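Spelled out from the first residue to the last, the chains are:
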Amino acid sequence: MEIWEIKLKEHFGSAVVDKKKAMENQVQSLPRYVSEYLLGFFCEEEITNDSIKDMNNYINEHRIEGREKEVAKYRLMENMNMKIIDKFKVKINLKKNQPDNKMEVPSLGISDAEVYRNVLNEHPRLLIDGLWGMGELEYDSEEGKVYLNQFKPFQLSDIDTKEFIEARNEFSTEEWMNIIVSSMGLNFINYTRRQKIILISRLIPMVESNVFMMEFGRPGTGKTYAYENISSYSRVISGSQISPAQLFYNLQTKQDGLLVQYDVLLFDEIDKVKDKGLDETVVNKLYAYLESGKFDRGGVEKASNCGLIMVGNLTPGPLDTEYLLINLLHEKLRHSAFLDRLTAVIPGWELESIKDPEISITKNFGFAADYFSEILHKIRRENYPYITKKIKYMNASIRDTKSIEKIINGLIKIMYPNGKIENDELRELCDYAVELRNYINHQNFKINGDEKFKREIHYKIKEEIV
């Protein structure tokens, strides 16, 4: 066991898990953050064959498979109550003479169940993006209604970030980076310091509001893995095909789109969109949203701090990063105004594909996914102006400066959440952030030929950090 693993367990206790064993025993039908929560509950002392068996029996008893939903509903009707594992989500209805809330129970195909007020008061996140947990349902045969009368969440929702921030003082930067990479499920030994920063920068949209990034790399480097498995506040859009109603606002149902429901959305396989059509409305509204954090649909204006990341795979063979975006992006995404709104392009092409799991997947301890998810969500509110204001940029536009500061601020939140950073460490982050922003400007000039993007951004630290 590494020294930092011993310290990690000492300072964070049950918020730490053996990531290798957790991944080996992941329940495929559940998100990893839910699977790890249950693993921690059933295997609090040690992961054993008996504890894993107990966990799987518990899940099999209460998880409804898709083809069994009618059988489950019949059992509910016969027994008048049942307990199931699902992701429950509630909407409030303010109309008179109608139920004051409606709840979705996906595994039963129910969208009009109701929730007791005491349950909503105890678990308000049911009203935001929904919660995974064990729900006790009861059936009222006279009214023909289903009610949720008790609920036990399988996600942490009340975490104090103070402990996380203060404990950072006990670790070196190298140790802390290893912890973050291990928490992402990867073996830190396989990566250089530069590559670890690239991996960690994938988390920036989870901790920094309104960040718009792209990443291109070889298949199998884990580009979407973190968004699918670490955070309950992120959502992966497969195939990058989505309607305005799904993304922004549904005019028929009056329901907010994904952009309002999550901290970050990942558009997968953006490279495959190059030869396909893109919804003109989606692109146009994204232009406005990426500038102001607001959008309008059907006269309804909404604001959001959701970040966006678009990822794509590179084909095998020689890599020409000088013309990467023009070769991979759909023409509607290559306009200078759109590219200028990009915060960064993560150089995922510097990472090798994950081939042998025995070598590539972590063998160490790391933060439990549900804990890490909540921490990333809550430190979105943290800022470090006393650090970023010490940096002066030259030859940079307002968008350049805002983008670079978002990258630096995001990396500080993850790598130096206590705000204690040496000048050489700050320069490392500045060099990386400026490099990423310069790359966008260079690409924009090559694609669109606008002379204003033919520039090299520089910086200097105005005074020493104390």
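Look up a bit, the structure's there.
This one's a predicted model, so the numbers in the text were calculated from it and none came from an experiment.

### Describing the sheet that holds strand β3 (residues 101-105)
Point 1. Strands sit in the order β2-β3-β4-β6-β5 around a closed barrel of 5 strands; the barrel is mixed. Across the sheet, the mean angle separating the axes of adjacent strands is 55 degrees when strand polarity is ignored.
Point 2. Two elements, strand β2 (residues 81-92) and β3, share 4 bridges in a ladder whose sense is antiparallel. Within β3, the position partnered with I92 by the bridge is N101.
Point 3. Seen against the sheet, helix α4 (residues 49-62) touches β2 and β5 (131-140) and runs at an angle of roughly 65 degrees to β2.

### What about the pattern of salt bridges?
Point 1. Considering all chains together, one arrives at 23 salt bridges under this definition.
Point 2. Two residues, K20 and E24, come together in a salt bridge whose shortest N-O distance is 2.5 Å. Here K20 and its partner E24 are both found in helix α2 (residues 19-24), 4 residues apart, which amounts to about one turn of the helix.
Point 3. For E428, the salt bridge goes to R193, with nearest N and O atoms at 2.6 Å. Of the two residues, E428 sits in helix α21 (residues 423-448) while R193 sits in helix α9 (residues 193-201), which places them 235 residues apart along the sequence.

### A word on the packing of aromatic side chains
Point 1. This structure, assessed with the given rule, holds 21 aromatic pairs.
Point 2. With a centroid separation of 5.5 Å and an interplanar angle of 55 degrees, the aromatic rings of F171 and W176 are classed as tilted.
Point 3. Given a relative accessible area of 0%, W176 falls into the buried group.
Point 4. With a centroid separation of 5.1 Å and 40 degrees between ring planes, the pair formed by Y287 and F338 is classed as tilted.

### Thoughts on a positive patch on the surface
Point 1. Positive charge collects at one region of the surface, where K91, K95, K102 and K254 lie side by side.
Point 2. Tracing the backbone through its elements, the reader meets K91 in strand β2.

### Focus: helix α14 (residues 280-292)
Point 1. Along its 13 residues, α14 runs 19 Å from first to last C-alpha, staying within 8% of the 18 Å computed at 1.5 Å per residue.
Point 2. Along α14, the residues classified as buried are V282, V283, K285, L286, Y287, Y289 and L290.
Point 3. Its buried side turned inward, α14 meets β7 (212-217), α12 (244-247), α13 (258-261), β12 (294-297), β14 (307-313) and α16 (336-340).
Point 4. Two residues or fewer past α14, G293 is found with a positive phi of approximately 75 degrees.

### Details of the environment of I52
Point 1. Of note, I52 is situated in helix α4.
Point 2. Note on I52: relative accessible area 11%, which makes it buried.
Point 3. Distance from I52 to L39, taken between C-alpha atoms, is 7.6 Å for residues 13 residues apart in sequence.
Point 4. Residues in contact with I52, not counting those within four places in the same chain, are N25, L39, C43 and I47.

### Thoughts on the pairing of strand β13 (residues 300-303)
Point 1. Pairing analysis gives 4 bridges linking β12 to β13, with the strands arranged antiparallel. Paired with F295 across the bridge in β13 is K302.
Point 2. Taking the residues that link successive antiparallel strands as the turn, the β12-β13 hairpin has 2 residues, and the phi of G298 there is positive, at about 60 degrees.

### Structural notes on the nonpolar core
Point 1. In this structure, F12, I180, F367, Y371 and I408 are the most contacted members of the largest nonpolar core, which totals 89 residues.
Point 2. Look past the residues within four positions of F12 in its chain and what remains in contact with it is E163, F164, A167, F171, W176, F367 and Y371.
Point 3. Formed by 39 residues, the second largest nonpolar core is a distinct cluster that contains F212, C306, M310 and I440.

Criteria and cut-off values
Residues numbered from 1 in each chain as written. Predicted model: local features only at pLDDT ≥ 70, side-chain atom pairs only at ≥ 80, totals over all residues. Heavy atoms only, no water. Pairing = 2+ DSSP bridges. Helix = DSSP H or I, 4+ residues; strand = E, 2+ residues; numbered from the N terminus. Axes fitted to C-alpha atoms, helices over the stretch in contact; angles between N-to-C directions. Contact = heavy atoms within 4.5 Å. Salt bridge = Lys/Arg side-chain N within 4 Å of Asp/Glu carboxyl O. Phe/Tyr/Trp six-rings, centres within 6.5 Å; stacked < 30°, edge-to-face > 60°. Buried < 20%, exposed > 50% of the residue type's maximum accessible area, 1.4 Å probe, protein only. Patch = residues over 30% accessible without salt bridge, like charges linked within 9 Å, V, L, I, M, F, W, Y side chains within 5 Å. Areas by Shrake-Rupley, 256 points an atom, 1.4 Å probe, with all protein chains shown as cover. Lys, Arg positive; Asp, Glu negative; His and termini not counted. Charge placed at Lys NZ, Arg CZ, Asp CG, Glu CD. Expected span 1.5 Å × (residues − 1). Core = buried A, V, L, I, M, F, W, Y, C linked by side-chain atoms within 4.5 Å.

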